[in-house]
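Close look at the chain arrangement
So you can see what is in the structure, the chains are spelled out below.
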Amino acid sequence: MKVVLRNLTKKFPSRDKKNKADVVAVNNFDFEIPDGKLIGLLGPSGCGKSTTLNLISGLEKPTEGRVFFGEDDVTNLPPEHRGIGLVFQNYALYPHLTVRQNILFPLENLKGKDKLSREEMLEKAMEAAKLVQIHELMERKPRELSGGQQQRVAIARALVKRPRVLLLDEPLSNLDARLRLQTREEIKRIQKETGITTIFVTHDQEEAMSISDMIVVMREGMVQQIGRPQEVYDNPANLFVAKFLGTPPVNVFEARVEQGQLILGEETVLEVKGPADGPVYAGVRPEGFLLRRDGAFCCALSGVEVMGRDISVVASSKASLSPAIRAIIGSENLAEIPADAGQVRFALKPDKVFLFDRETEERIAFDVSARSGL
């Protein structure tokens, strides 16, 4: 089931006595979610991603715009008639009911032509439980389950009616790191097996990038960029997207372009054909540094963090907007950093360097065919 959002806007009345202007939670959201895909709504707290999910579910009514499921306009349709499955951050299980009873609950409330026999309900509940691999826990109550198991029950309960659209609002936030990894892999598997169009809300960019077919990066109610996770990471539309995606984050420098050369501080570090001369912000991904003794970019060495397969070189530069620069290089290069070194030199990979306008912070394209290591 494709989901189409047309100029979707949601405004809330201001509670600020001095500023009576409405608060715009979602601003002119226009997007078509393809049938059978898993889409990640990603952004910091307060960016409007959960409000967008609530508008799709029907828990909130838009101030402007329309919501379509397939060709059906569901903008004014109540949540219970939209054919959605909802999973929240808090699992919202009924503590006095068993796993089986929790999963059965949505089916027991079906009426009219949708009403099922007891045998049909039990069969569907078992199918859902097997899908999320909790079929051996059907007689337990929520307090007897781990956090990950409780989340699986919540997902099974959302899936048991075979919804047209599955909506997940920060479903992994209450789990520890290992369970988050395991459960997000399960969500991806379940989505692939069922083929249900799924919208996944999270502030965790690693979660969104690891399981989503496409991500929507939001900021202050506005869409910043839409695309496949790797495409958005490799080609951020603006400085906000570049900084939000990536661990460690992108390194940002005050820089300038002069006659086709990128200058950080006083050092000419890269040939950049195309941009006009003038000040820019330069972003360099941590993996965009090449450790070279004759590298064009010189930094003060602060330390080296060994991470097993890779090492993180921590350095500083007057041109950097943050106190520390982090460069990720292969552990085989560790020997090239003398123990008593006070500085370290890098060449830059052109495809890992981004330029941004100082005023608008929009991306400035340049020819990456030039070779680094001036």
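The structure contained in this document is the topic of the report that follows.

Cut-off values and rules
- Residues numbered from 1 in each chain as written.
- Predicted model: local features only at pLDDT ≥ 70, side-chain atom pairs only at ≥ 80, totals over all residues.
- Heavy atoms only, no water.
- Helix = DSSP H or I, 4+ residues; strand = E, 2+ residues; numbered from the N terminus.
- Buried < 20%, exposed > 50% of the residue type's maximum accessible area, 1.4 Å probe, protein only.
- Pairing = 2+ DSSP bridges.
- Salt bridge = Lys/Arg side-chain N within 4 Å of Asp/Glu carboxyl O.
- Contact = heavy atoms within 4.5 Å.

1. Observations regarding unusual backbone geometry
Residue Pro248 follows Thr247 across a cis peptide bond; omega there is -10°. Position of Pro248 relative to the elements: it lies in the loop between α8 (239–244) and β11 (251–258). Its identity as a non-glycine residue notwithstanding, Gln133 has a phi of 60°, on the positive side. Within the fold, Gln133 resides in the loop between α3 (118–131) and α4 (147–159). By relative accessible area, Gln133 is classed as partly exposed at 47%. The backbone of Glu170 shows a phi angle near 50°, a positive value even though the residue is not glycine. Relative to the elements of secondary structure, Glu170 occurs in the loop between β7 (165–169) and α5 (177–194). When its relative accessible area of 12% is taken as the criterion, Glu170 is described as buried.

2. What to know about the sheet that holds strand β20 (residues 353–357)
The strands that make up a sheet pair up through hydrogen bonds in the backbone, lying either parallel or antiparallel. The six strands lie next to each other as β13-β12-β11-β14-β20-β21, forming an open sheet whose pairing is antiparallel. On the outer flanks of this sheet lie β13 (267–271) and β21 (363–364), each paired with one strand and no other. In this structure, β11 lies alongside strand β12 (residues 261–264), joined through four bridges in antiparallel fashion. The residue bridging Glu258 from the neighbouring strand is Gln261, located in β12.

3. Description of the pattern of salt bridges
Charged atoms that come close allow side chains of opposite charge to pair. All told, the structure shown has 21 salt bridges when counted by the stated rule. Of the charged contacts, one joins Asp73 and Arg66 as a salt bridge, the two residues approaching to 2.9 Å between their closest N and O atoms. A relative accessible area of 36% places Asp73 in the partly exposed class. With a relative accessible area of 34%, Arg66 lands in the partly exposed category. Each of Arg152, Glu186, Arg189 and Glu193 takes part in a single network of salt bridges with overlapping partners.

4. Digging into the environment of Val67
Locating Val67 in the fold gives a position in strand β4 (residues 64–69). Given the relative accessible area of 1%, Val67 is considered buried. In this structure, Val67 is in contact with Val4, Leu5, Leu8, Leu55, Ile56, Asp72, Asp73, Val74, Thr75 and Arg82, ignoring residues within four places of it in sequence.

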